[in-house]
Amino acid sequence: MTQYNPKNIEETLKRMEKADELKGIHRSGTNIMSFFDDNDKEHKLQKQQSLAEVKKDEYLKSVELLKKLIQEKGTKSDLTRILAVGLLIETTDFFNMPSDRKKMLKENMEWCNKQYEKYLDSPK
């Protein structure tokens, strides 16, 4: 088993504490430093938007897979509903989603999960 030098661990902990202290400093006191605060905010916003797009893409892939299953084994009404769910996902802004849309999307994704299990278990 590898043994760590306690001195290195202590130095690392001190560096981490110092980094945390530096993060807490409000840099907007000067115009030059406010650029960095704005840059951090923009980066955080872009990251949130990217995560929203990834989630949307995951939902669309799931719906596409279910659509193929329904086309092979399902009913016309189920196919119509899955197309509507896909349209709902495509027209939803996942970054600024209102609560009623979130509830509607959740209910439809739960329906999709039930359909997926139903069609996966049923013979062709």
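Structure report, in brief. (Residues numbered from 1 in each chain as written. Predicted model: local features only at pLDDT ≥ 70, side-chain atom pairs only at ≥ 80, totals over all residues. Heavy atoms only, no water.)

## Section: helix α3 (residues 76-90)
Okay, step 1: For α3, which comprises 15 residues, the first-to-last C-alpha distance of 21 Å matches the rise-based estimate of 21 Å (1.5 Å per residue) to within 8%.
Okay, step 2: Taken as a whole, α3 has its buried residues at D78, I82, V85, G86, L88 and I89. What you see down the axis of α3 is that its buried residues fit within an arc of 160°, all on one side. What points out from α3, more than 90 degrees from its buried face, is the exposed set K76, S77, L87 and E90. (Helix = DSSP H or I, 4+ residues; strand = E, 2+ residues; numbered from the N terminus. Expected span 1.5 Å × (residues − 1). Buried < 20%, exposed > 50% of the residue type's maximum accessible area, 1.4 Å probe, protein only. Arc of directions from axis to C-beta.)

## Comments concerning the layout of surface pockets
Okay, step 1: Estimated volume of the largest pocket: approximately 290 Å³.
Okay, step 2: Taken together, 16 residues line the largest pocket, and the ones lying closest to its centre are K55, Y59, F94, L105 and M109.
Okay, step 3: Elements with a contribution of two residues or more to the lining of the largest pocket: α2 (31-73) and α4 (99-121).
Okay, step 4: By residue class, the composition of the lining of the largest pocket is 11 nonpolar, two polar and three charged. (1 Å grid on protein atoms, 1.4 Å probe; cavity = no way out; pocket = protein on both sides within 12 Å on 5 of 7 lines; lining within 4 Å. Points joined across faces, edges and corners; volume = space filled by probe spheres on them. Nonpolar A, V, L, I, M, F, W, Y, C, P; charged D, E, K, R; others polar.)

## Observations concerning the environment of Y59
Okay, step 1: By the element assignment, Y59 lies in helix α2.
Okay, step 2: Between the C-alpha atom of Y59 and that of L105, which follows or precedes it by 46 residues, the distance is 10.0 Å.
Okay, step 3: Setting aside residues up to four positions removed in sequence, Y59 forms contacts with I89, F94, L105 and M109. (Contact = heavy atoms within 4.5 Å.)

## Notes on the pattern of salt bridges
Okay, step 1: Per the stated rule, a full pass over the model turns up two salt bridges.
Okay, step 2: Salt-bridge contacts for K67 lead to E64; the nearest nitrogen and oxygen are separated by 3.8 Å. One end of the pair is K67 and the other is E64, both in helix α2 and three residues apart, which spans about a single turn.
Okay, step 3: Using a relative accessible area of 35% as the deciding quantity, one classes E64 as partly exposed. (Salt bridge = Lys/Arg side-chain N within 4 Å of Asp/Glu carboxyl O.)

## A look at the environment of L65
Okay, step 1: Here L65 shows up in helix α2.
Okay, step 2: Of the residues examined, L65 reaches a relative accessible area of 44% and is grouped as partly exposed.
Okay, step 3: Residues L65 and Y116 lie 51 residues apart in sequence; the distance between their C-alpha atoms is 8.8 Å.

## A word on the packing of α3 against α4
Okay, step 1: In contact at an axis separation of 11 Å, α3 and α4 are set at 140° when each is read in the N-to-C sense. By the angle between their directions, the pair α3 and α4 is classed as oblique. Seen from above, α3 lies across α4 with left-handed handedness. Packed against α3, whose contacting residues are D78, R81, I82, V85, L88 and I89, the element α4 presents R101, M104, L105, N108, M109, W111, C112, Q115, K118 and Y119 at the interface.
Okay, step 2: Residue classes in the contact of α3 with α4 are distributed as 10 nonpolar, two polar and four charged. (Axes fitted to C-alpha atoms, helices over the stretch in contact; angles between N-to-C directions. Parallel < 35°, antiparallel > 145°, perpendicular 65-115°, else oblique. Left-handed = near helix turned anticlockwise from the far one by under 90°.)

## Quick look at a negative patch on the surface
Okay, step 1: A cluster of acidic residues, E53, D57, E58 and D93, forms a negative patch at the surface.
Okay, step 2: Among the structural elements, D93 can be located in the loop between α3 and α4. (Patch = residues over 30% accessible without salt bridge, like charges linked within 9 Å, V, L, I, M, F, W, Y side chains within 5 Å. Areas by Shrake-Rupley, 256 points an atom, 1.4 Å probe, with all protein chains shown as cover. Lys, Arg positive; Asp, Glu negative; His and termini not counted. Charge placed at Lys NZ, Arg CZ, Asp CG, Glu CD.)

## Remarks on the side chain of D78
Okay, step 1: Counting through the fold element by element, D78 comes out in helix α3.
Okay, step 2: Judged by its relative accessible area of 10%, D78 falls in the buried class.
Okay, step 3: Among the polar contacts listed, one links the side chain of D78 to the side chain of Y119, at a separation of 2.4 Å.
Okay, step 4: Dropping the residues within four chain positions of it, D78 is found in contact with I70, W111, Q115, K118 and Y119. (Polar contact = N/O pair within 3.5 Å; in protein donor to acceptor, adjacent residues only side chain to side chain.)

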